Amino acid sequence: MLRLVTAPNIVQAKIWCDLLCEAGLPATVLREHFASVHGLMPPSECNPEIWLEYEEHEIAARKLLEDLDHLPQRKWQCRCGETVEGGFEQCWNCGGFMQLGQAL
C-alpha cells in the first residue's frame, strides 16, 4: 500500500477515494474517524488519508486527482443578461433556469 494524499476533510477524502476506485485504482480512506481529536493532536496527524492498494497505480492516481483540480467551469448567459459561472443551472439574479443553447 502507498499513501497517496492527505485530504482536508472526510467528505473530500471519500469523494476522491470513490473516484479513484471507479477509475480502477483501488484506494482506501484511513483516519476517517480522527475528526474528534482535532485540537488535541496536530492537524497533520488527524486529517484523513487516501491510500492506494497497489503502488504501481500511483502515477495514474496522481494524474486523476490533478485533473480534478482543473475541471472546466460552465458559463452561460441568462435571459435577464446575467452571466452565470460554475455548476449553477439557475440564475442568481432572476431565478431563471438555464436553457439548452445558453452555454457560452
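The rules we used
- Residues numbered from 1 in each chain as written.
- Predicted model: local features only at pLDDT ≥ 70, side-chain atom pairs only at ≥ 80, totals over all residues.
- Heavy atoms only, no water.
- Patch = residues over 30% accessible without salt bridge, like charges linked within 9 Å, V, L, I, M, F, W, Y side chains within 5 Å.
- Areas by Shrake-Rupley, 256 points an atom, 1.4 Å probe, with all protein chains shown as cover.
- Salt bridge = Lys/Arg side-chain N within 4 Å of Asp/Glu carboxyl O.
- Helix = DSSP H or I, 4+ residues; strand = E, 2+ residues; numbered from the N terminus.
- Buried < 20%, exposed > 50% of the residue type's maximum accessible area, 1.4 Å probe, protein only.
- Core = buried A, V, L, I, M, F, W, Y, C linked by side-chain atoms within 4.5 Å.
- Contact = heavy atoms within 4.5 Å.
- Pairing = 2+ DSSP bridges.
- Axes fitted to C-alpha atoms, helices over the stretch in contact; angles between N-to-C directions.
- Expected span 1.5 Å × (residues − 1).
- Polar contact = N/O pair within 3.5 Å; in protein donor to acceptor, adjacent residues only side chain to side chain.

> Account for a nonpolar patch on the surface, with residues named and values stated.
On the surface, a cluster of nonpolar side chains totalling about 300 Å² of accessible area is made up of Ile-10, Val-11, Ile-15 and Leu-19. Inspection of the secondary structure puts Ile-15 in helix α1 (residues 10-22). Taking relative accessible area as the criterion, Ile-15 reaches 42% and is therefore assigned partly exposed.

> Account for the environment of Pro-48, naming residues and giving values.
On the secondary structure map, Pro-48 appears in the loop between α2 (43-46) and β3 (49-52). The buried category is assigned to Pro-48, whose relative accessible area is 6%. Separated by 25 residues in the primary sequence, Pro-48 and Gln-73 have C-alpha atoms spaced 27 Å apart.

> So what about the nonpolar core? Which residues, and what values?
Ranked by internal contacts, the top residues of the largest apolar core, which has 14 residues, are Leu-4, Leu-20, Ala-27, Ile-50, Leu-52 and Ala-61. Secondary-structure elements contributing two or more residues to this core are β1 (2-6), α1, β2 (27-30), β3 and α3 (58-68). The dominant element in this core, judged by the number of residues it contributes, is α1, at four residues. Excluding residues within four positions of it along the chain, Ile-50 makes contact with Leu-2, Arg-3, Leu-4, Val-5, Ala-13, Trp-16, Cys-17, Leu-20, Ala-27, Thr-28 and Val-29.

> Give a detailed account of the pattern of salt bridges, specifying residues and quantitative values.
Under the definition given, this model contains six salt bridges. In this structure, the salt-bridge partner of Glu-49 is Arg-31, at a minimum N-O distance of 3.2 Å. Here Glu-49, found in strand β3, pairs with Arg-31, found in the loop between β2 and α2; they are 18 residues apart in sequence, far enough to count as distant. Accessibility expressed as a relative area gives 4% for Glu-49, which makes it buried. The residue Glu-58 makes a salt bridge to Arg-62 at a minimum N-O spacing of 2.9 Å. Of this pair, Glu-58 and Arg-62 both sit in helix α3, four residues apart, which is roughly one turn of that helix. Look at Glu-58 and you get partly exposed, because its relative accessible area is 27%. The class for Arg-62 is partly exposed, based on a relative accessible area of 39%. When salt bridges that share partners are traced, they join Arg-3, Arg-31 and Glu-49 into one network.

> Just give me the short version of the sheet that holds β2, but keep the residues and values in it.
Taken together, the three strands give an open sheet; going across it, the order is β1-β3-β2, and neighbouring strands pair in antiparallel fashion. The sheet terminates laterally at β1 and β2, the two strands that pair on one side only. Strand-to-strand twist of the sheet, defined as the mean angle between neighbouring strand axes without regard to direction, takes the value 30°. Where α1 meets the sheet, its contacts fall on β1, β2 and β3, and the angle it forms with β2 comes to roughly 165°.

> Tell me about α1, residues and numbers included.
Over its 13 residues, α1 runs 18 Å from end to end, which matches the ideal 18 Å to within 8%, given 1.5 Å per residue. Where α1 begins, the capping side chain belongs to Asn-9, and its oxygen is found 3.1 Å from the backbone nitrogen of Val-11. Gly-24 sits one or two residues past α1 and shows a positive phi near 85°.

Treat this as a map of the structure, not an account of what it does.
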